[in-house]
Amino acid sequence: MFKKLLIAGLFVTSTANAAFYTGNDLYNKLTSSDSSDRILGMGYIAGIYDVFDGSSICAKQNVTLGQLKDIVIKKLAEKPEYRHMTADNFVYVALSEAFPCPKKKNT
């Protein structure tokens, strides 16, 4: 399932520009002993979350940035074979998998 979502996530971002971070870069920032690196990593996650909140990521209103960070770190740790991919795709897939939106009913 994760692999299918990750591939689908590739279509979410533009292929015309290079990514700022890979999954490896983001994992290193989030697990760094340097607080400024961790803050940058959390800001990156917050940005991806804000873009897709309510459209393809449907977390409860009281979800915290710390929870989002934990989800992303866990997925990065569990799937090191995908860390070379762009971080935006990785964050999108991890969060949309953790917080799927309800399917719309056909009327």
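Residues numbered from 1 in each chain as written. Predicted model: local features only at pLDDT ≥ 70, side-chain atom pairs only at ≥ 80, totals over all residues. Heavy atoms only, no water.

Chemist: I keep staring at helix H5 (residues 87–98) and nothing clicks. Help me out?
Modeler: Since the α-helix packs 3.6 residues into each turn, any two residues three or four apart lie on the same face. With 12 residues, H5 should reach 16 Å at 1.5 Å per residue; the first-to-last C-alpha distance of 16 Å fits that figure. In terms of residue burial, H5 counts as a mostly covered element, since 10 of its 12 residues are buried. Turning to H5, its buried residues are Ala-87, Asp-88, Asn-89, Phe-90, Val-91, Tyr-92, Val-93, Ala-94, Leu-95 and Ser-96. (Helix = DSSP H or I, 4+ residues; strand = E, 2+ residues; numbered from the N terminus. Expected span 1.5 Å × (residues − 1). Buried < 20%, exposed > 50% of the residue type's maximum accessible area, 1.4 Å probe, protein only.)

Chemist: It is not clear to me how the pattern of salt bridges should be interpreted in this structure. Could you clarify?
Modeler: Charged atoms that come close allow side chains of opposite charge to pair. Tallying each qualifying case throughout the model produces 4 salt bridges. Lys-74 serves as the salt-bridge partner of Glu-78, at 3.1 Å between the closest nitrogen and oxygen. Taken together, the residues Glu-78 and Lys-74, both in helix H4 (residues 65–78) and 4 residues apart, mark about one turn of the helix. A salt bridge links Glu-97 to Lys-75, with the nearest nitrogen and oxygen atoms 2.7 Å apart. One end of the pair, Glu-97, is in helix H5; the other, Lys-75, is in helix H4, with 22 residues separating them in the sequence. (Salt bridge = Lys/Arg side-chain N within 4 Å of Asp/Glu carboxyl O.)

Chemist: Whenever I open this one, the packing of helix H2 (residues 23–30) against helix H3 (residues 35–52) confuses me. Can you help?
Modeler: Relative placement of two packed helices is described by the angle separating their axes and the distance separating the axes. Packing of H2 against H3 leaves a shortest axis separation of 7 Å and a crossing angle of 125°. Accordingly, the angle class assigned to the pair H2 and H3 is oblique. Of the residues in H3, those in contact with Leu-26, Lys-29 and Leu-30 of H2 are Asp-37, Arg-38, Leu-40, Gly-41, Met-42, Tyr-44 and Ile-45. A breakdown of the residues in the contact of H2 with H3 according to their chemical character gives 6 nonpolar, 1 polar and 3 charged. (Axes fitted to C-alpha atoms, helices over the stretch in contact; angles between N-to-C directions. Parallel < 35°, antiparallel > 145°, perpendicular 65-115°, else oblique. Contact = heavy atoms within 4.5 Å. Nonpolar A, V, L, I, M, F, W, Y, C, P; charged D, E, K, R; others polar.)

Chemist: What is the right way to look at the side chain of Arg-83 in this model?
Modeler: Of note, Arg-83 is situated in the loop between H4 and H5. Lacking a salt bridge, the buried Arg-83 has Glu-81 as its closest oppositely charged neighbour, with an N-O distance of 7.5 Å. Not counting chain neighbours up to four residues away, the residues in contact with Arg-83 comprise Thr-22, Gly-23, Asn-24, Tyr-27, Leu-76, Ala-77 and Phe-90. (Lys, Arg positive; Asp, Glu negative; His and termini not counted.)

Chemist: Which parts of the structure should I look at to understand the state of the cysteines?
Modeler: Structurally, a disulfide amounts to a covalent bond that connects the sulfur atoms of two cysteines. According to the stated counting rule, one finds 1 disulfide in the structure shown. In this model, Cys-58 is linked to Cys-101 through a disulfide, with the two sulfur atoms separated by 1.9 Å. Disulfide Cys-58-Cys-101: torsion about the S-S bond near 85°, hence right-handed. In this pair, Cys-58 is assigned in the loop between H3 and H4 and Cys-101 in the segment after H5, connecting sequence segments 43 residues apart. Given the relative accessible area of 22%, Cys-101 is considered partly exposed. (Disulfide = S-S within 2.5 Å.)

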